[in-house]
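Notes for the structure review
If you want the building blocks of each chain, they are given just below.
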Amino acid sequence: MLREGLDAAPADVVVAGHLGTARPAPAAAAPPSGGVGMRVAVVAETFLPAVNGVVNSVLRLVDHLAVRGHDPVVVAPSGAGYESRCGAWVDVATVPSMRLPGYRQLSVARPAGDLTRVLGRLAPDVVHLASPAVLGLAAARAARTLGVPSIAVFQTDLAAYAEHYRLPGGPAAAWRYLRAVHETAALTLAPSTTTQAMLARHGIGPVTLWPRGVDLDQFAPEHRDPALHHRLAPGGELLVGVVARLAVEKRLALLAPLSELPGVRLVVVGDGPQRRQLARRMPRAHFLGQLGGAELGAVVASLDLFVHPGADETFCQAVQEALAAGVPAVVAASGGPLDLVRHGQNGWLWAGDDPHLLAAMVAGLRDDPVALGTAADRARLPVEERTWGRIGDELIGHLQRLRAHRSAP
């Protein structure tokens, strides 16, 4: 159930981010690909002002839909109507929200409510469920009631969260819930081959691979800034960095031995509930906070090595962005990064959970600039075709096929 305002809006009024106000959408920026433009309800478990991989993917998707002449509207627990990157106005319908215990920065939908009236008012042709959980399940059920096809994008490993945060029922309960969500959708999209296989093992399907795009202009080797590198590593040290949400599931505490290596400087970009704890544990590291845009692109490109210790990444966009910037990566040998990093070519795989082994790998690279340089030269190759435009068009193809199937006699 939405906040007061939506249900009272006339049928011909577009719902804006602050319900009860309206703003007309501008003309489409480009003709739709493959037929008449679609009205797409994009249901997001988290949205602006939160900053995370799900929010970034939703913003990119919505912008691409508008560029291709479609009509997206966001349903989320936070945010307001906004102008997308392409200049199109995007409406945001907000639902009642709550703060997560231990993660007060994040607004999520309350675990109750029927979205049938909401989706009925928005009248979408298809429903896109971005990393569905609480809000996604309600939206999927509402879409089925209305006869509207939905597509679910698996992006967050809720079972791993259940284990890390010791949620009631643990991973087994999380998988039961995820099956209930995804079996309601017509199709599930997985961001990596590892995730696709994991979903199949847990009885979720049909599943199709749909990776993430990368901004090859924002993340590019030419943004490397020698002055910035000198500022962060004034003694000419190897500059090692990570970009992540500072939360327990990212396992950033495992970087502590690495941060103490002589001849190495660690840079941590991001924010989250563990920031103070991590700063106390790694006093020599630079904590730069949340960055974006050109500033983030320059910091990433100025690194000598990217290291991500997370073991439950369904894709890991930060690794892909580092590679696009020409920075080789050391990653845990599990999850989505296995599709991105080729051991000994554009990066290295760290097997196991021993932080001292990880530090030893970095120390070896510090002392082998030839291997590091060769990997840097190859870093961008696996991702240079993964533009957001190409990835967005793949998704539009899936959405159009669902709409066509709905319309077929």
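Up top is the structure these notes are about.
Read on for a plain summary of the structure. (Residues numbered from 1 in each chain as written. Predicted model: local features only at pLDDT ≥ 70, side-chain atom pairs only at ≥ 80, totals over all residues. Heavy atoms only, no water.)

1. Description of the pattern of salt bridges
Using the criterion set out here, one finds nine salt bridges in the structure. Put simply, arginine 251 and aspartate 353 hold a salt bridge, and the shortest N to O gap is 2.7 Å. Linking arginine 251 in the loop between β11 (238-243) and α8 (256-259) with aspartate 353 in the loop between β16 (347-350) and α12 (355-366), this pair joins segments that are 102 residues apart in sequence. You can call arginine 251 buried: its relative accessible area is 16%. In this structure aspartate 353 comes out as exposed when scored by relative accessible area, which is 52%. A network of salt bridges, in which partner residues are shared, links Arg60, Arg85 and Asp215. (Salt bridge = Lys/Arg side-chain N within 4 Å of Asp/Glu carboxyl O. Helix = DSSP H or I, 4+ residues; strand = E, 2+ residues; numbered from the N terminus. Buried < 20%, exposed > 50% of the residue type's maximum accessible area, 1.4 Å probe, protein only.)

2. Section: the pairing of strand β1 (residues 39-44)
β1 sits mainly inside the fold: six of its six residues count as buried. Taking every second residue as pointing to the same face, both faces of β1 are buried, with Arg39, Ala41 and Val43 on one and Val40, Val42 and Ala44 on the other. In this sheet, strand β2 (residues 71-76) lies alongside β1 in parallel orientation, the contact comprising five bridges. Bridge pairing in β2 places arginine 39 opposite aspartate 71. (Pairing = 2+ DSSP bridges.)

3. A short note on a nonpolar patch on the surface
There is a patch of nonpolar side chains on the surface, built from Tyr165, Leu167 and Val248 and spanning about 230 Å² of accessible area. Looking at the element boundaries, leucine 167 is found in the loop between α4 (158-164) and α5 (170-182). Judged by relative accessible area, which is 44%, leucine 167 ranks as partly exposed. (Patch = residues over 30% accessible without salt bridge, like charges linked within 9 Å, V, L, I, M, F, W, Y side chains within 5 Å. Areas by Shrake-Rupley, 256 points an atom, 1.4 Å probe, with all protein chains shown as cover.)

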